[in-house]
Amino acid sequence: MQIIAADVIVTSPDRNFVTLKITTEEGITGLGDATLNGRELSVASYLADHVVPLLIGRDAHRIEDTWQFLYRSAYWRRGPVTMAAIAAVDVALWDIKAKAAGLPLYQLLGGASRNGIMAYGHASGRDLPELFDSIRKHLALGYRSIRVQTSVPGINAVYGVAAQPGVDGKRYDYEPAQRTALPAEEDWDTRAYLRHLPGVFEAVRGEFGPELPLLHDGHHRMTPIQAAKLGKALEPYDLFWLEDCTPAENQEALRLVRQHTTTPLAIGEVFNTVWDYQSLIREQLIDYVRSAVTHTGGITAMRKLLDYAAQYQIKSGIHGPTDISPVGMAAALHLDLAIHNFGIQEYMQHGPATDEVFRQSFTFEDGYLHPGEQPGLGVELDEEAAARFPYQPAYLPFNRLKDGTVHDW
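Bear in mind that the values here come from a model prediction, so they are computed numbers and not experimental data.

A. Structural context of the overall build of the protein. Secondary structure summary: the protein contains 13 helices and 18 strands in total. What you see for the protein is a C-alpha radius of gyration of 21 Å, in line with the 22 Å of a compact globule of 409 residues. Across the 409 residues that make up the protein, the buried fraction comes to 60%. If you sum the accessible surface of the protein, you get close to 16,200 Å²; carbon and sulfur atoms cover 51% of it. Counting 36 positive and 51 negative side-chain charges, the protein places the centres of these two groups 4 Å from one another.

B. The packing of aromatic side chains, seen in detail. All chains considered together, the criterion is met by 15 aromatic pairs. Ring plane angle 85° and centroid distance 5.5 Å describe the contact between Tyr120 and Trp241, whose orientation is recorded as edge-to-face. You can see Tyr120 sitting in strand β4 (residues 117–125) and its partner Trp241 sitting in strand β8 (residues 241–243), a full 121 residues away along the chain. Of the two residues, Tyr120 and Trp241, neither departs from the other in class, the shared state being buried. Members of the aromatic cluster, each reached through a chain of ring pairs, are Tyr120, Phe240, Trp241 and Tyr288. A cation over a ring is seen here: Arg221 above Trp188, with NZ or CZ 4.2 Å from the ring centre. Between the NZ or CZ atom of Arg221 and the centre of the ring of Tyr193, over which it lies, the distance is 5.3 Å.

C. Geometry of the pairing of strand β3 (residues 29–33). Extensive coverage of β3 is indicated by the burial of four of its five residues. Where strand β2 (residues 17–24) lies against β3, five bridges are found, and the strand directions are antiparallel. Residue pairing in the sheet places Thr19 in a bridge with Asp33 of β3. What sits between β2 and β3 in their antiparallel hairpin is a turn of four residues, with Gly27 showing a positive phi close to 90°.

D. The arrangement of the sheet that holds strand β18 (residues 406–407) in detail. Strand order across the open sheet formed by three strands is β6-β17-β18, with mixed pairing between neighbours. Only two strands of the sheet have a single neighbouring strand rather than two, namely β6 (185–187) and β18. Bridge count for strand β17 (residues 398–400) against β18 is two bridges, and the pairing is antiparallel. Counted as the bridge partner of Asn399 is His407 from β18.

E. Structural view of helix α8 (residues 253–260). Burial in α8 covers these residues: Ala253, Leu254 and Val257. Buried residues of α8 fall within an arc of 90° about the axis and therefore sit on the same side. Those residues of α8 that are buried lie in contact with α7 (224–233), β9 (265–267) and α9 (278–282).

F. Main features of the pattern of salt bridges. Tallied over the full model, the rule gives 23 salt bridges. Across the salt bridge formed by Lys304 and Glu64, the nearest N and O atoms sit 2.8 Å from each other. Residue Lys304 is located in helix α10 (residues 298–310), and its partner Glu64 is located in helix α2 (residues 63–73); the two are separated by 240 residues in the primary sequence. For Lys304, a relative accessible area of 44% translates into the label partly exposed. The salt bridge involving Arg258 is made with Asp287; its shortest N-O contact spans 2.8 Å. Residue Arg258 is located in helix α8, and its partner Asp287 is located in the loop between α9 and β10 (288–289); the two are separated by 29 residues in the primary sequence. Overall, Asp287 belongs to the partly exposed group, its relative accessible area being 24%. In the salt-bridge network here, residues are joined through shared partners; they are Glu243, Glu269, Arg290 and Glu346.

G. Just the side chain of Lys21, in detail. For Lys21, the location among the structural elements is in strand β2. Polar side-chain contacts of Lys21 include one of 2.5 Å to the side chain of Glu383. Filtering out sequence-adjacent residues up to four positions away, Lys21 remains in contact with Ala5, Ala6, Asp7, Ile9, Thr29, Gly30, Leu31 and Glu383.

H. Quick peek at the pairing of strand β5 (residues 145–150). Among the six residues of β5, six are classified as buried, and the element is accordingly described as predominantly covered. Neither face of β5 is exposed, since Ser145, Arg147 and Gln149 on one face and Ile146, Val148 and Thr150 on the opposite face are all buried. In the sheet, β4 pairs with β5 via six bridges, with the strands oriented parallel. Each residue of the ladder has a partner; that of Tyr120, found in β5, is Ser145. A crossover links β4 with its parallel partner β5, the connecting element being helix α5 (residues 128–141), and its sense is right-handed. For β5 and strand β7 (residues 214–217), the ladder comprises two bridges, and the chain directions are parallel. Its bridge partner being in β7, Arg147 is matched across the sheet by Leu215.

I. Seen up close, the packing of helix α3 (residues 80–101) against α10. Running from N to C, α3 and α10 cross one another at 95°; their axes reach a closest spacing of 6 Å. Looking at the two axes, α3 sits roughly perpendicular to α10. Packed against α3, whose contacting residues are Ala87, Asp90, Val91 and Trp94, the element α10 presents Gly298, Ile299 and Thr300 at the interface. Within the contact of α3 with α10, the residues separate by chemical class into four nonpolar, two polar and one charged.

About the thresholds
Residues numbered from 1 in each chain as written. Predicted model: local features only at pLDDT ≥ 70, side-chain atom pairs only at ≥ 80, totals over all residues. Heavy atoms only, no water. Helix = DSSP H or I, 4+ residues; strand = E, 2+ residues; numbered from the N terminus. Rg over C-alpha atoms; globule rule 2.2 N^0.38 Å. Buried < 20%, exposed > 50% of the residue type's maximum accessible area, 1.4 Å probe, protein only. Areas by Shrake-Rupley, 256 points an atom, 1.4 Å probe, with all protein chains shown as cover. Lys, Arg positive; Asp, Glu negative; His and termini not counted. Charge placed at Lys NZ, Arg CZ, Asp CG, Glu CD. Phe/Tyr/Trp six-rings, centres within 6.5 Å; stacked < 30°, edge-to-face > 60°. Lys NZ or Arg CZ within 6 Å of the ring centre and 35° of its normal. Pairing = 2+ DSSP bridges. Arc of directions from axis to C-beta. Contact = heavy atoms within 4.5 Å. Salt bridge = Lys/Arg side-chain N within 4 Å of Asp/Glu carboxyl O. Polar contact = N/O pair within 3.5 Å; in protein donor to acceptor, adjacent residues only side chain to side chain. Right-handed = clockwise from strand over helix to strand, strands pointing away. Axes fitted to C-alpha atoms, helices over the stretch in contact; angles between N-to-C directions. Parallel < 35°, antiparallel > 145°, perpendicular 65-115°, else oblique. Nonpolar A, V, L, I, M, F, W, Y, C, P; charged D, E, K, R; others polar.

Coordinates in, geometry out; function isn't part of it.
Have a look at this one:
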């Protein structure tokens, strides 16, 4: 099944997305997500200028061979740009293979291991009443698990709080990457955060009871000892997980955190390969793998990574915010449904313009996602609609401490 065309499509309905469309001589097309939030054009160029010429004439069925070729032949391995480009090719080829077989993709991955995929939503508030309202709203939408993010007294803007306005005056509900010429500057104070957060979870547990699974994202902002302190302080509130408690590029840092807390740990949304997890998984320093299919080499690589994690009873928690396109989300859902060591799936619902460009078969009912039964991924790209939403530069914010030092956002 020879590849005769590969097109890179950049569109900005609600936010920027990069999509790879591969076409075979039989007329079968496959889609892959190559979106890298805030650096989209770097991946678009990598694909268009360096990868697409290598795909023409290749056999679309040879997915593993193509993956290894793109990873090894470049010599410069790993990194978010390279791995997002490889992921787009990989997912598009799986889409083609499943369409050729006339099956939804999860059937080619071994079939369903569960009936549905438990999802968690993002609740947030500038104060407790606003946070409680957000939690109730998500429960009404059907979510059975809730991530809790909150403003901190004395800090003007905090990651993950939807109601706080950005520099453009808009709320953060959909996407924190703001359409501005330069990244927005926000402030940060770790000690204030550590003082404030345990009381928030005490209040949430008091209002919503012990059964509701609660999650929290530290977003890489703590040192290892600070992360250990927070994990220990949150133990009475029985979190489902504490995410990205410290920058985990230093994998050894998680040893210190693990020594001090039994709060489950989730890591990896900024990771790109299995090598980023090698010590974390082997030493059982985390409980959930947070990588995105889009940023970690696609379905082929993620399946191997999660099989490795399964040997140590570590589960999946695949990254799924709105900077993963519906194509990337569908790929994650097919993998979620098939693997044995599924944990939970992050799910932020895309905006109406995105749903117009990407027609999806996956569903969300009663707190559970399902990829649907259409052959392939179950997502089709409306190229005419995509053309109505041209790329717009957008940047994620960054943090500075009170003394002006740049800090992790």
